[in-house]
Amino acid sequence: MNPEVKRHKWLAWLWALVVCALLGHNAYLWVVQRIVPDTDILALLPVQERDRVLQESFTHMVDAAQQRVIVLVGAAEWNDAKRAADAYNAVLATQPGVLEAVKLSDETQGDWLAPFQKHSVALLTAQQEAQLRSASPQFWTDAALAKLYSAFSGPKLGAFRDDPFGLFSGWVQERAQETPVRPRDDKLFVADGERQYVLMPLTMRAPAFSMTAQQTVVPLLERAKQAALKAAPQAKVITAGVVLHASAASSQAEGEMSTIGLGSLAGIVLLTWFTFRSLRPIALVLLSIGIGFLGSLSVCWLLFGRIHLLTLVFGASLIGVAQDYGIYFLCNRLSADPAEGSVRLLKRLLPGLCLTLLAAVIGYMGLGFTPFPGLRHMAVFSAVGLVFAWLTVVCWFPLLVSGGTLTTGALAHRYGATLAHWPQARLNARTLVIAALFVAVAGFGWSRLGVNDDIRSLQNPPKHLIDDQIKLSKLLDAPTPVQYFLVRGASAEIVLQREEELKRRLDPLIAAKRIGGYQAMSNWVPSVRTQLERRALIDSKLLAPGGPLDAVAKAIEEDSAWSAATRAHLMAPRAPLTPAEFLKTPPSEPWRHLWLGDIDGVHASIVALRGMSMAALPELRRAGEGMEGVQWVDKVAEISSVLGRYRQYMGWVVLGAYAVVFALLYPRYRGNAWRVLAPSAVASIATLAVLGLTGQALQLFHVLALMLLLGVVVDYGIFMQEHPGRRNTTPWLAVGLSAANTLLAFGLLGLSRTPALQAFGLTMLIGTTLAWLLVPYFANTKENEHA
């Protein structure tokens, strides 16, 4: 046996062992461990690793909303709304343990007030505090008597001596104003001008991004909705929750993964069949792609411990690139002398194959130079897949395909004949005119090219979910989880004091109706300093001898003992209310996400904003300026800024990659190395011009696609440069098959409803098409330079 063949067989057996290990690992992952792809879109976003407190604050805000499902069942008549809500709840009750509902009763409301009543003296509104400092004693005497005798003086909480001046009642009313929701008939009630709604806050037991939870919760909610509409046909059901968006994104990604994957696969099978008229090449190409996928999944799981659904969608397009190596070998086997051994043929092709792999991996790994975990996963998945597909071709193909076993069809002959008629770049007047026209058109296109780094432009949830979310936010006056103030301090007391100072700066914005209000821990737990100041203020202004309390006692014919007992009751020594004490109580449940506690020795909290408009953002940013420990957080602007920064950064990386690939090619092709890169460079310039001419705004994913375009299209230049001249049409056939399959893969990606993938796919579609057409134009016509 030929020693070369013998050595190659050992290599093939070694690779077979690796593939067996891959099969075993994949079987373990899918059958034993039963892994499911991650669907959390936030997992794709960059993490603020340098600022743990900031990252924790965002996690708190998101986690608070993530497990909740908010349902509003409304009708013009309250009784209809209640009937529909009861029908809705009856369906939910059929699957206990999936969703937990909030129960409301008179006892619940009593429990809500109990933790605060013993601290009532220290709980004042800002207006009450100002009135205590400015209003006359007679004002407070009249207020107390009005509260005692008037039926319209507002709610009364507890006995008269517990709150003789109505201060605690006023504080409770202000807290109630933080939400328009009110209890009614043991239900939560909210209304607008058209309907009265029953509010049903539900908490999911399973994680919202669990596919199992999505498959359980979403159908259950739909059945409940249908039951509600059957009970009251005129009712309206509004549902909002992260699980609904996650479920819609999962369904969309699964559908696109199937479309792109199966479409690419079908394209490869058909093209390979029309070219070789044999099942063996099809089986071999599919074999290399399949092993590439198995290797990608195993390595990604071992590295990251998870696999995102969008990574699989993007990985489906890998099919269009991974087949290049097999196609290149098969095309050369077809045109080579049948007497030449396949192992020797491989040895001759190996330099070109190595260069194509290196260039493609450089292109994919460019995606890894970003802070986006999702892109890094995609980069590793794709690069590893290419390496495994390449190794399969190198190790197995020479032993599985011998000389004279392949034939070609008429389609391949006709396509190959087109090469002889393709125009070529020459240093003449026609070329200069074409170049001048290209520069003019490309310059015009570039001048019209705008940029858009807004993260919101990358989201495309279903319209009915957006409409429901907007309606619900307006009804509940809920704060946004992505824009807020982060307050830090060396202790909880300092954090509360800084919150109070910040709120004083925000109050004018509320008065000017720039924001609806704010939610803060200090609304419920004033700082110790403020609690002590308020106790002293009430003692001096209301309870001092001869003050309003004595005047009230005299008016209601009580003696001085009553006054002394009331004062002692109100001013009984008590430890100040603290965040730790408040967080243990049931009323704190809706506000717990506002308090971050101690993180690495830093105490922190969140001040969330209600009724905020985009126009108020500059004023809000200025409100926190100059305040120690206060930071305005705008997650939307922050991520958009990162996208913009990396769009520019990756632009320079693309240019650097061209320089690296040129340095890689130069030792082999010398003065013709530019011919390998010219198609991808000109195609990239033209693609940007087309984007400008068609009104597309440039974003990071367009630039990332240009990086990948280099990695993919440089293969075509290498194929042509390895076989200069136009008599041998084999490289042109390999380029055609590779380009057609790449277009199928990334062209289908351009049909994605995920804007980022769509931008990526369209750029690859335009760029690959142009590069395919340009490769023969720049190819060297002098034969035998590298063959």
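This write-up is about the structure you can find in this document. No experiment lies behind these values; they were computed from the predicted model shown.

### A few points about the packing of aromatic side chains
Then step 1. Overall, the coordinates contain 20 aromatic pairs when judged by the stated rule.
Then step 2. Geometrically, the ring pair formed by Phe-139 and Trp-140 is edge-to-face, given 5.0 Å between the ring centres and 85° between the ring planes.
Then step 3. Assessed through its relative accessible area of 4%, Trp-140 is described here as buried.
Then step 4. Look at Tyr-328 and Phe-719: their rings are 4.2 Å apart centre to centre, the planes differ by 5°, and that puts the pair in the stacked class. With a gap of 391 residues between them, Tyr-328 in helix H12 (residues 319-335) and Phe-719 in helix H27 (residues 700-722) connect regions that are remote in the sequence. In terms of burial, Tyr-328 and Phe-719 fall into one category: buried.

### Re the pairing of strand E10 (residues 602-610)
As a general feature of sheets, a regular strand has side chains that alternate between the two faces.
Then step 1. Most of E10 sits inside the fold, with 8 of its 9 residues counted as buried.
Then step 2. With 4 bridges connecting them, strand E9 (residues 595-599) and E10 associate as antiparallel partners. In the sheet register, Ile-599 faces E10, and the bridge partner there is Val-602.
Then step 3. Count of turn residues in the E9/E10 antiparallel hairpin: 2 residues, of which Asp-600 carries a positive phi of about 55°.

### Overview of the packing of helix H5 (residues 126-134) against helix H20 (residues 528-543)
Then step 1. Running from amino to carboxyl end, H5 crosses H20 at an angle of 40°, the nearest separation of the two axes being 10 Å. Put simply, H5 runs oblique to H20. The crossing of H5 and H20 is left-handed. Contact residues: H5 offers Glu-129, Leu-132 and Arg-133, while H20 offers Arg-534, Leu-537, Ile-538, Lys-541 and Leu-542.

### Digging into the nonpolar core
Then step 1. With 98 residues, the main nonpolar core has Phe-329, Leu-665 and Phe-746 as its most contacted residues.
Then step 2. When residues of this core are assigned to their parent elements, the largest contribution, 17 residues, is made by H27.
Then step 3. Counting residues domain by domain, this core receives three or more from each of domain 1 (1-35 + 277-405) and domain 2 (408-467 + 635-786).
Then step 4. Contacts of Leu-665, omitting those with residues within four sequence positions, involve Leu-355, Arg-670, Ala-673, Val-676, Leu-677, Val-714 and Ile-718.

### A word on the pattern of salt bridges
Then step 1. The full count for this structure, using the stated rule, is 16 salt bridges.
Then step 2. In this structure, Arg-83 and Asp-80 form a salt bridge, with 2.9 Å as the shortest nitrogen-oxygen distance. Of this pair, Arg-83 and Asp-80 are both found in helix H3 (residues 78-93), 3 residues apart, which corresponds to roughly one turn of the helix.
Then step 3. For Asp-80, a relative accessible area of 14% gives the class buried.

So, how was this worked out
Residues numbered from 1 in each chain as written. Predicted model: local features only at pLDDT ≥ 70, side-chain atom pairs only at ≥ 80, totals over all residues. Heavy atoms only, no water. Phe/Tyr/Trp six-rings, centres within 6.5 Å; stacked < 30°, edge-to-face > 60°. Buried < 20%, exposed > 50% of the residue type's maximum accessible area, 1.4 Å probe, protein only. Helix = DSSP H or I, 4+ residues; strand = E, 2+ residues; numbered from the N terminus. Pairing = 2+ DSSP bridges. Axes fitted to C-alpha atoms, helices over the stretch in contact; angles between N-to-C directions. Parallel < 35°, antiparallel > 145°, perpendicular 65-115°, else oblique. Left-handed = near helix turned anticlockwise from the far one by under 90°. Contact = heavy atoms within 4.5 Å. Core = buried A, V, L, I, M, F, W, Y, C linked by side-chain atoms within 4.5 Å. Domains from an automatic or database assignment. Salt bridge = Lys/Arg side-chain N within 4 Å of Asp/Glu carboxyl O.

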